[in-house]
Amino acid sequence: MKNAIEVKNLVKKYDKFKLGEINLEIPSGYIIGLIGENGAGKTTFMKSILNIIKKDQGSVKIFGEEAKEDDSKRNEIGVVLDNSFFPELLTAKDINSVMKSIYSKWDETLFQKYIKDFDLPYDKTIKTLSKGMRKKLEIATALSHHPKLLILDEPTSGLDPVVRNEVLEIFLGFIKDEEHTVLLSTHITSDLEHIADKIVFIDEGKIVLDKDRDELLEEYGILKCSIEEFSKIEQDDIIRYKKNKYGYEILIHNKNKLMKKYSSFVIDKITLEELMVLMIKGEK
Amino acid sequence: MLGLIKKDLFLIKGNLKATGIILIVFIGLAIFGNINLAFLPVFISFVLFMSTFSYDEYNKWDSYAITLPNGRNNVVKAKYATTLILLVVSTVIVTILSILLGVVKNEFDIKEIISATIGSIVAIILLISITYPIIFKFGNEKGRIAMFIIIFLSSSIFAFLFKSVKISKDMISLLEQYGVFAFIILSIILLFGSYQLSKNIYQKKEF
């Protein structure tokens, strides 16, 4: 299997924050979901892949080659960044005209189709658009030059559930081509439960989990018990735990095995959100 | 690069109305008063262009522009190219206006128009060459401050020179003979050096 992105020993240091070392392989044909708290390093990671910030150490390969500063491979990448980035005085029409001269494979018809599908005005300045509409315009732009790789930082933030589903459907359609790959970060973890093939969890600048989604949701679970029962659970079986009013919520691994071992306890399926919260806020 | 030039021109388009009004005011002043048109409108187009830097910064455009094909190099290239385009266009407009004005007021002096035009182009190239690397390095806000300091300093230095140094007739004739060429060549060298410097600065910049 070919890798769309290969990251080796990537380190980026700031005064009060350090990203890395990050090692990550992103195979072609996958949707990779990047999750983590605000400030965990998701954006820093994506920016260093895109060379918006300079890495201090390590290597980033895109489509098998070291990602260079000014690379015509950029024609194969579609990008959405976390903040609005189009000049506010421009219109969708202007964006079309600008991108036509920038991307060699810019598809005007496709862009206009997205504008129509997304109910976006073609002649109004971006200034007048809502946050969600701006995001939609950015997504439309990222898709309209037939990229092979999408790097999307919080592409669904600010979108209402209907549009969010629409956008996720588009990503799923995009990935049908085996050469296509999506790397997206989000704090709306439920999005990823529908579409991501792989989940990468970043915390305090490091990857703490890198797993297939199905495997992850299958293997991890939440064991619920009362305060008295907590002592019966072996320390080795507890990854994290959280105490609440009624008892304990314990994050466990090897769900099926532990279901037999602790057959008198309730072991629930886990959502990505619960996993994230327990990993970050839970005690060890 | 063409795409990025278009982007800046679209941005400027939004400000054309205001520029038109300023231009009309100055034409009025030139007709009824006694001011030379050459410098100001060209300067205005430069200020207009500076505003594209503020929009870029405000909308965090740069981090996105870097991800485009040949991103970093094109950003710098496009800024200089658009400035030159703007400079040429506004110079042509202003020169035509000056000639028309000369005809209307019946004080047509082609020599004066040419020297005023070349003077303003050289002045603006000087301004751009110093300001742009500062903007690329330290951001738009500091670039603006630098611009005002340069204008203030250079005009006071010139005023001081004119007052205190006795310019002999030889010097004036020498300037008249070679000065224009020297200025043009100097400003081309300066502009090119400034472009290279900006490119180097921008290569290392993070957003």
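Once a new chain begins, its residue numbering starts again from 1 and follows that chain's sequence as written. All chains are assigned letters beginning with A, and all ligands numbers beginning with 1, in the order in which they are written. Predicted model: local features are reported for residues with pLDDT of at least 70 only, side-chain atom pairs are reported and counted for 80 or more only, and whole-chain, interface and lining totals are derived from all residues. Hydrogen atoms and water are omitted, and side-chain values are computed over all heavy atoms in the structure.

Trainee: Where do I start with the overall build of chain B in this structure?
Mentor: Only DSSP runs of H or I reaching four residues or more are called helices, and only runs of E reaching two or more are called strands; each is numbered from the N terminus. Secondary structure assignment for chain B yields eight helices and zero strands. Counting helices and strands in the order they occur from the N terminus, chain B gives α-α-α-α-α-α-α-α. Accessibility here uses a 1.4 Å probe with only protein chains present; expressed as a share of the type maximum, an area under 20% marks a residue as buried, one over 50% as exposed, and anything in between as partly exposed. A buried classification covers 42% of the 207 residues belonging to chain B. A separation of at least 24 residues holds for 83% of the contacts in chain B among residues at least 6 apart in sequence. Summing over all exposed atoms, chain B offers an accessible surface of approximately 11600 Å²; the carbon and sulfur share of this is 75%. Residues are treated as being in contact if the distance between any of their heavy atoms lies within 4.5 Å. Where accessible areas are quoted, they stem from the Shrake-Rupley method and a 1.4 Å probe; at the residue level, only the protein chains shown are allowed to cover.

Trainee: When you look at the interface of chain A and chain B in this model, what are you seeing that I'm missing?
Mentor: For interface size, the figure often reported is the accessible area lost on association. Every contact between the two is made by 31 residues of chain A and, on the other side, 28 residues of chain B. By salt bridge we mean one thing: a side-chain nitrogen of Lys or Arg within 4 Å of a carboxyl oxygen of Asp or Glu. Inspection of the region where chain A meets chain B yields two salt bridges. Here D94(A) ties to K13(B) by a salt bridge, and the two come within 3.8 Å at their closest N and O atoms. By the criterion applied in these results, polar contacts are pairs of N or O atoms within 3.5 Å in which, for protein atoms, one can donate a hydrogen and the other can accept it, and in which residues neighboring in sequence qualify only through two side-chain atoms. Here chain A and chain B share 10 residue pairs in polar contact (both at pLDDT 80 or more) between them. When residues of the side of chain A that touches chain B are assigned to their parent elements, the largest contribution, six residues, is made by helix α2 (residues 92–102) of chain A. For this scheme, ten residues count as nonpolar: Ala, Val, Leu, Ile, Met, Phe, Trp, Tyr, Cys and Pro. Four count as charged, namely Asp, Glu, Lys and Arg, and the remainder, Gly too, count as polar. Its residues placed into classes, the side of chain A that touches chain B shows 15 nonpolar, seven polar and nine charged.

Trainee: I tried to follow the pairing of strand β7 (residues 149–153) of chain A on my own but got confused; where do I start?
Mentor: Across a regular strand the side chains alternate sides, sitting on one face of the sheet and then on the other. Residues and elements named next belong to chain A. Of all five residues in β7, five are buried, a share of seventy percent or more. Neither face of β7 is left uncovered, since the one carrying L149, I151 and D153 and the one carrying L150 and L152 both have all their residues buried. Examined bridge by bridge, strand β6 (residues 77–80) and β7 share four bridges and lie parallel to one another. Among the inter-strand pairings, V80 is bridged to a residue of β7, identified as L152. The pairing criterion for strands is at least two bridges between them, as found by DSSP. For β7 and strand β8 (residues 181–185), the ladder comprises five bridges, and the chain directions are parallel. Along β8, the bridge assignment pairs I151 with L183. Seen with the strands pointing away from the viewer, any crossover whose path from the first strand over the helix to the second strand runs clockwise is right-handed. Once the chain exits β7 it traverses helix α5 (residues 161–174) before rejoining the sheet at β8, and the crossover so formed is right-handed.

Trainee: What is the right way to look at helix α1 (residues 2–13) of chain B in this model?
Mentor: Because the α-helix completes a turn every 3.6 residues, residues three or four places apart line up on one side. The span expected for a helix works out to 1.5 Å for each residue beyond the first. In a regular helix each residue adds 1.5 Å, so 12 residues correspond to 16 Å; α1(B) covers 16 Å between its end C-alpha atoms and thus fits that length. Those residues of α1(B) lying buried are G3(B), L4(B), I5(B), K7(B), D8(B), F10(B), L11(B) and I12(B).

Trainee: For this particular structure, what's the right way to read the pattern of salt bridges?
Mentor: Residues and elements named next belong to chain A. Throughout the structure, instances matching the rule amount to 24 salt bridges over all chains. The closest approach of N and O atoms between K135 and E138, which form a salt bridge, is 3.8 Å. Of this pair, K135 and E138 both sit in helix α4 (residues 131–143), three residues apart, roughly one helical turn. Like E138, K135 is buried. Linking K148 and E179 is a salt bridge whose minimum nitrogen-to-oxygen distance equals 3.6 Å. Taken together, the positions of K148 in the loop between α4 and β7 and E179 in the loop between α5 and β8 put the pair 31 residues apart, joining distant regions of the chain. Through salt bridges that share partners, E76, K105, K148 and E179 make up one connected network.

Trainee: Would you mind going over the sheet that holds strand β2 (residues 18–27) of chain A with me for this structure?
Mentor: As a general point, the strands of a sheet are linked pairwise by backbone hydrogen bonds and lie either parallel or antiparallel. Residues and elements named next belong to chain A. Pairing within the open sheet is antiparallel, and its four strands lie in the order β2-β1-β4-β5. Among the strands making up the open sheet, the edge pair consists of β2 and β5 (65–66). Strand direction decides the pairing type here: strand β4 (residues 57–62) and β5, joined by two bridges, are antiparallel. Considered in β5, the bridge of K61 is made with E66. Angles shown run from 0 to 180 degrees and are taken between the N-to-C directions of axes, each axis being a line fitted to C-alpha atoms and, for helices, limited to the stretch in contact. Strand contacts of helix α1 (residues 42–49): β1 (3–13), β2 and β4, with the helix running at about 115° to β1, the strand carrying the most contacts.

Trainee: Sorry, what's going on with the packing of aromatic side chains here?
Mentor: Aromatic ring pairs: the centre-centre distance and the angle between the two ring planes describe each pair. Only the six-membered ring of Trp is used, alongside the rings of Phe and Tyr, when aromatic pairs are assigned; centres must lie within 6.5 Å, and planes under 30 degrees apart are stacked while those over 60 apart are edge-to-face, with the rest tilted. A complete count under the given rule lists 17 aromatic pairs over all chains for this structure. When the ring of F85(A) is compared with that of Y64(B), the centres are 4.1 Å apart and the planes differ by 20°; the resulting orientation is stacked. Of this pair, F85(A) sits in the loop between β6 and α2 while Y64(B) sits in helix α4 (residues 61–67), each in a different chain. A residue is classified by how much of its surface remains accessible, and F85(A), at 1% relative accessible area, is buried. For the ring pair Y80(B) and Y132(B), a centre distance of 5.3 Å and an interplane angle of 75° mean the geometry is edge-to-face. Taken together, the residues span a long stretch of sequence, with Y80(B) in helix α5 (residues 71–105) and Y132(B) in helix α6 (residues 110–138) at a distance of 52 residues. For the pair Y80(B) and Y132(B), a shared accessibility class is recorded, and that class is buried. What links up through ring pairs into an aromatic cluster is the set F49(B), F53(B), Y80(B), Y132(B), F136(B), Y195(B), Y202(B) and F207(B). We count a charge as sitting over a ring when the NZ of a lysine or the CZ of an arginine lies within 6 Å of the ring centre and within 35 degrees of the ring normal. Over the ring of Y114(A) we find K113(A); its NZ or CZ atom is 5.8 Å from the centre of that ring.

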